[in-house]
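Residue-level listing of the chains:
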Number of protein chains: 2
Amino acid sequence: VTESIQGAEPEGTLPFVYGHVDPTSFPVDQLMAAATEALTYQSQQALNYGDEMGPAALRGYLRAKLERQEALALAPGELFITAGASAGLDTAVRLFAQPGDVVLVEAPSFHEALALIRDHPVKLAAVPLDEDGLIAGALAERLESLAQAGERPALLYTIPTFQNPSGVTMSLVRRRAVIELAAQFGLLVVEDDVYRDLYFDEAPPPSLLQLDQERQRVIRLGSFSKVLAPGLRVGWAAGPAGRIRRMAYCGLMTSGGGANPLAAYVTERFCVEGYLEPHILRLRQNYADRRDILLSALELHMPAGVRWTEPGGGFFVWLTLPQPLTAQVLLREAAKEGLTFATGEAFFAEGGGEHHLRLPFSTIERSEMVRGVELLGELIRALL
Amino acid sequence: VTESIQGAEPEGTLPFVYGHVDPTSFPVDQLMAAATEALTYQSQQALNYGDEMGPAALRGYLRAKLERQEALALAPGELFITAGASAGLDTAVRLFAQPGDVVLVEAPSFHEALALIRDHPVKLAAVPLDEDGLIAGALAERLESLAQAGERPALLYTIPTFQNPSGVTMSLVRRRAVIELAAQFGLLVVEDDVYRDLYFDEAPPPSLLQLDQERQRVIRLGSFSKVLAPGLRVGWAAGPAGRIRRMAYCGLMTSGGGANPLAAYVTERFCVEGYLEPHILRLRQNYADRRDILLSALELHMPAGVRWTEPGGGFFVWLTLPQPLTAQVLLREAAKEGLTFATGEAFFAEGGGEHHLRLPFSTIERSEMVRGVELLGELIRALL
C-alpha cells in the first residue's frame, strides 16, 4: 500500500498494516522530565561524543534488570547500548558475516530485518517455524545441506519470543536444540528479543543468551522501541565480551562516539527515575486487552477453516487462510473497503506465505480492530 | 594513549589529542527549549517511527540554508536526514561498494572514517594531498593503475574543506578535476563537508556536490555534530535523487523509521526557532580565536625546520617534523610531561605519516594550548 509498511499510515482506512507501538501510550511527561534532567545535569555527556559502550548508569540499570527479572548475570563487558535493535543487527551482519556467507532466518521473519540483511553481501536461507517457533529439526537439515553444498552459514537471525510476524514463541526444548546446533555448526545466533517484556500471561522461556552457558554463541538484541518509544533509537546488545567489544568499538561507533548519546541519556534518566517498570506493567495490560479483543473478534467472525496463532505477548496474530484463498486476493477486496494488512509473502525470504496475513493488534484502534475483523470474516466467507 | 582517540579524555594531561567541538560551546538552554517544544507539540512524530527521509521542516530548513548561503538548489528528493555523517558514510559504503571494490581515501584522512570503511569488505587505496588538498594528478594516476590491475574503484571518500587531520582545503581547480575524474572513471564521490560552516576568513570554494552539474557523482555529507552537538547524532546527505532514495529507504532506515526521530525533531525546533545561524557565528569567532592562538604559539615556539598548515576553518593544524625526527619519538617524550597528541600514522591507509602530528585547537583550553606548544617546541629542539 505504501512504500514501506513501517512508514506513515494512509488515511481513511482500517489499518491492520502497522505493528507499531500504541501511539497513545507514550509517557510524554515523564520523557520530558527525563530530557530536562539529562540536559540540566548531564549536558556535557549527553551532547558530546561519549563512551562507545553507552552511558554507564543505563548499562548498569539494564544488567540489574536482567539479573532481577531473568536471573541472567552479565559482566560489564557483555552489554552495550545500540541505536536500536535494527542497528545491532546491522552491525552484527556487517562484522560477523563475510561476503557470500549464509544468514539463516525464520520463515516467516520480520520483513524489514530481511531487507536490512539483504543490504549486505550475504545469502539468505529460510527455516520454517510452527506454533513452537523455529523447527530445530528443519534447522539441522538445512545446516547439513548447506555444509554439503560447501556454503558457510555464519549467522542465524531469530525472534524467539512473540515473533514478528507470527506471534509464536520458541519452546524451551527448541531453544536448547538451537543452542546445540549453533555450537555444532559454529553458528552465531542473533536473538532479537525486543518483545520479551510484553508478556500477557506467563513469562516467556529463558532467552537463548541465557541458555548459551558457555557464553559463546548468542548475541541478544534488546530495545526501548517497544517498551518506551521507537523515536529514541536506543537499544542494547548482550553476548560474549569479545563480540560485544568488536561491535561497540567498530568504526561507526567509535567515529560517532557511541550510539545516540542524547537519547541514551534521556533513556537513562527515565529508567533510573523508576519510570520504566510501571510503564511496562501498563503496556502489558494495554496490549493484553487488545490481544483479547482481537482473539474474541476472530473467534466470533472467522469462518471455519481459518486458523490463527494465539500469542502470549507482543503485537502480532498470524492468520492462515484455507486453500485456495490467497491473502493477495483477500487484500484486493479488503482494500476496496479501506481495510489494509500485510500479506504473508513479504515475510518469507525464499518464497511462500501466500495464504498468510499478519494482524497486529498494537496500533489499530480497538473499535476499528473489531470492525476490521468483522469485515475480514465477511470477505473471506464471500471468497471461499 | 586511549583505546580510541575519539573517546573520553585521560586526566592530568595537556590533551592535544581530541579534535572535538568546544564542550563549553553547547547552547544547552536553547536545546532544552527545543526539546521541550518537540515533546510538547510534536511528541507523536518525535517518539514514533517516522518518515525515512527525516522531518520535513528540517529538510526544508537545510535546503533553504544551502540555497541562501551557497546558491545550491536541491530538489526535495535530493536531501535526507542521517544519524550523522559517519552513518551516512557507512550507508554509502554498504550500498554502493561491492565486496572487493576499492575505496579511495586521502593520505592523510580521518582515522575513524578509515576504521569505519575497513569494517566493510573493500580495499583501501590512499591518494596524497598537499596544501591545495587532494592531488588530482595523483588521483588520476592511481585510477589508471587500478584500472590496469583490473580493480574496481567504487568510491572516493574526501574531506575537501578544512580537512581532518590536515586542515587543508581543496582548491577550486582541484575540485573541478576531481569531478571530471569521477565522471571519467565512473567513481562515486562521498564528500564529507562537515566543517564548511566553520570558516574564519573567507567562505570556502563551492562544494563538490555543487560542481557536479549533472548531479550524478557526488554524495555530500553534512552534520550537526560540529555546529551544534555531536551527541544528537543528526546529519544529512545530499546528492542524486536515486542514490538518496536508496540510502534513505535502505533496510536499516526503513526498519528504524528514519534516523533518530527524537534528536531530529529537537534539531528541527532548534533550527526553525532561528537559533542555529547566530550560534554558528559565535562558533566561528571562538574557533578563529583558538586557531590564531595556536598559530601564534607555533610561530613563537617552533624551531626552524618544523612546518605546519594554516587552516582557514575547522579544527585542525597539521605539523611536519624535520627528518629524521618521528612523531612517535616525540610523543614518547611528550607523554612523560603529560602532553598527548595523535601521531601521523593513524591517518594513512597505506603507510607513511611518521613525521606528522595533528594539533586540534577546538577542544583544548586556550592556556593549555599555549603551554603545550611551548613544551612541544622545547622537546623538538632537544630531540633534533
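What counts, and at which threshold
Residues numbered from 1 in each chain as written. Chains lettered and ligands numbered in written order. Predicted model: local features only at pLDDT ≥ 70, side-chain atom pairs only at ≥ 80, totals over all residues. Heavy atoms only, no water. Axes fitted to C-alpha atoms, helices over the stretch in contact; angles between N-to-C directions. Helix = DSSP H or I, 4+ residues; strand = E, 2+ residues; numbered from the N terminus. Parallel < 35°, antiparallel > 145°, perpendicular 65-115°, else oblique. Left-handed = near helix turned anticlockwise from the far one by under 90°. Contact = heavy atoms within 4.5 Å. Nonpolar A, V, L, I, M, F, W, Y, C, P; charged D, E, K, R; others polar. Buried area = accessible area lost by both parts, 1.4 Å probe. Salt bridge = Lys/Arg side-chain N within 4 Å of Asp/Glu carboxyl O. Polar contact = N/O pair within 3.5 Å; in protein donor to acceptor, adjacent residues only side chain to side chain. Expected span 1.5 Å × (residues − 1). Buried < 20%, exposed > 50% of the residue type's maximum accessible area, 1.4 Å probe, protein only. Pairing = 2+ DSSP bridges. Least-squares fit on C-alpha atoms with pLDDT ≥ 70 in both.

S.K.: Mind showing me how you'd approach the packing of helix H6 (residues 136-148) of chain B against helix H7 (residues 172-185) of chain B here?
M.R.: To describe two helices that pack against each other, one gives the angle between their axes and the distance between the axes. Residues and elements named next belong to chain B. As a packed pair, H6 and H7 sit with axes 9 Å apart at the nearest point and diverge in direction by 15 degrees. By the criterion of interaxial angle, the relationship of H6 to H7 is roughly parallel. The element H6 and its partner H7 pack so that their crossing is right-handed. Taken together, the residues of H7 that come into contact with H6 (itself represented by Ala136, Leu139, Ala140, Leu143 and Glu144) are Arg174, Ala177, Val178, Leu181 and Phe185. Considering only residue class, the contact of H6 with H7 consists of eight nonpolar, no polar and two charged.

S.K.: Explain the interface of chain B and chain A to me, please; I cannot follow it from the model alone.
M.R.: In many reports, interface size means the accessible area that the parts give up when they come together. In this complex, chain B contributes 55 residues to the contact, which on the side of chain A involves 54 residues. Of the roughly 4,700 Å² buried at the junction of chain B and chain A (both faces included), carbon and sulfur atoms supply 61%. Contact with chain A buries area across many residues of chain B, yet Leu47, Tyr49 and Asp119 of chain B alone supply 16% of it, more than any other trio. At the junction of chain B and chain A, the tally comes to four salt bridges. Two residues, Arg246 of chain A and Asp119 of chain B, come together in a salt bridge whose shortest N-O distance is 2.7 Å. Our count for the contact surface shared by chain B and chain A stands at 15 residue pairs in polar contact (both at pLDDT 80 or more). Contributing elements (two or more residues each) for the side of chain B that touches chain A: helix H1 (28-41), helix H2 (43-46), helix H4 (85-96), helix H5 (111-118), helix H9 (241-248), helix H10 (251-256) and helix H11 (261-272) of chain B. The leading source of residues in the side of chain B that touches chain A is H1 of chain B, at seven residues. Grouping the constituent residues of the side of chain B that touches chain A by class yields 26 nonpolar, 19 polar and 10 charged.

S.K.: Could you clarify how one ought to interpret H11 of chain B in this entry?
M.R.: In an α-helix there are 3.6 residues to a turn, and that puts residues three or four apart on one side. All names here are of chain B. When the terminal C-alpha atoms of H11 are compared, their 16 Å separation across 12 residues agrees well with the 16 Å that a helix rising 1.5 Å per residue should span. Among the 12 residues in H11, 11 count as buried, and that is most of the element. Along H11, the positions that sit buried rather than exposed are Pro261, Leu262, Ala263, Ala264, Tyr265, Val266, Thr267, Glu268, Arg269, Phe270 and Cys271. Packed against the buried residues of H11 are H1, H2, helix H3 (56-70), strand E2 (79-82) and helix H12 (276-301). Backbone geometry just downstream of H11 places Gly274 in the positive-phi region, at approximately 85 degrees.

S.K.: Would you take a moment to explain the sheet that holds E2 of chain B for this structure?
M.R.: The strand order across the open sheet built from eight strands is E2-E9-E8-E7-E6-E3-E4-E5 (chain B), with neighbouring strands paired in mixed fashion. Two strands close off the open sheet at either side, each with one partner strand: E2 and strand E5 (133-134) of chain B.

S.K.: Before we go on, may I ask you to explain the sheet that holds strand E9 (residues 235-238) of chain A in this structure?
M.R.: Sheets are built from strands that pair by backbone hydrogen bonding, the pairs being arranged parallel or antiparallel. All names here are of chain A. Read from one edge to the other, the open sheet built from eight strands follows the order E2-E9-E8-E7-E6-E3-E4-E5, with strand pairing classed as mixed. Edge positions in the sheet fall to strand E2 (79-82) and strand E5 (133-134), since each of these pairs with one other strand and no more. Two elements, strand E3 (residues 102-107) and strand E6 (residues 153-158), share four bridges in a ladder whose sense is parallel. In the sheet register, Leu104 faces E6, and the bridge partner there is Leu156. Packing of helix H9 (residues 241-248) onto the sheet brings it into contact with E2, strand E7 (188-192), strand E8 (218-223) and E9, and relative to E2 it is tilted by some 30 degrees.

S.K.: Help me understand the relation of the copies chain B and chain A in this model?
M.R.: To go from the first copy of the chain to the second, apply a rotation about an axis and then a shift along the same axis. It takes a turn of 180 degrees to lay chain B on chain A, together with a shift of 0.0 Å along the axis; the resulting RMSD is 0.0 Å. Given the turn and translation reported, the copies of this chain are related as if by a two-fold rotation axis. A share of 98% of the interface residues of chain B reappears at the interface of chain A, consistent with the copies meeting face to face through the same patch.

S.K.: Where do I start with unusual backbone geometry in this structure?
M.R.: Trans peptide bonds make up the majority, and among non-glycine residues the majority have a negative phi. Following Ala107 of chain A, the chain continues to Pro108 of chain A via a peptide bond in cis, the omega torsion being 10 degrees. Along the chain, Pro108 of chain A turns up in the loop between E3 and helix H5 (111-118). One non-glycine residue, Arg233 of chain A, lies in positive phi territory at about 55 degrees. Its location among the elements puts Arg233 of chain A in the loop between E8 and E9. Judged by relative accessible area, which is 5%, Arg233 of chain A ranks as buried. With a phi angle near 50 degrees, Arg215 of chain B is a residue other than glycine that sits in the positive phi range. Assignment of secondary structure puts Arg215 of chain B in the loop between helix H8 (208-211) and strand E8 (218-223). With relative accessibility at 18%, the residue Arg215 of chain B sits in the buried group.

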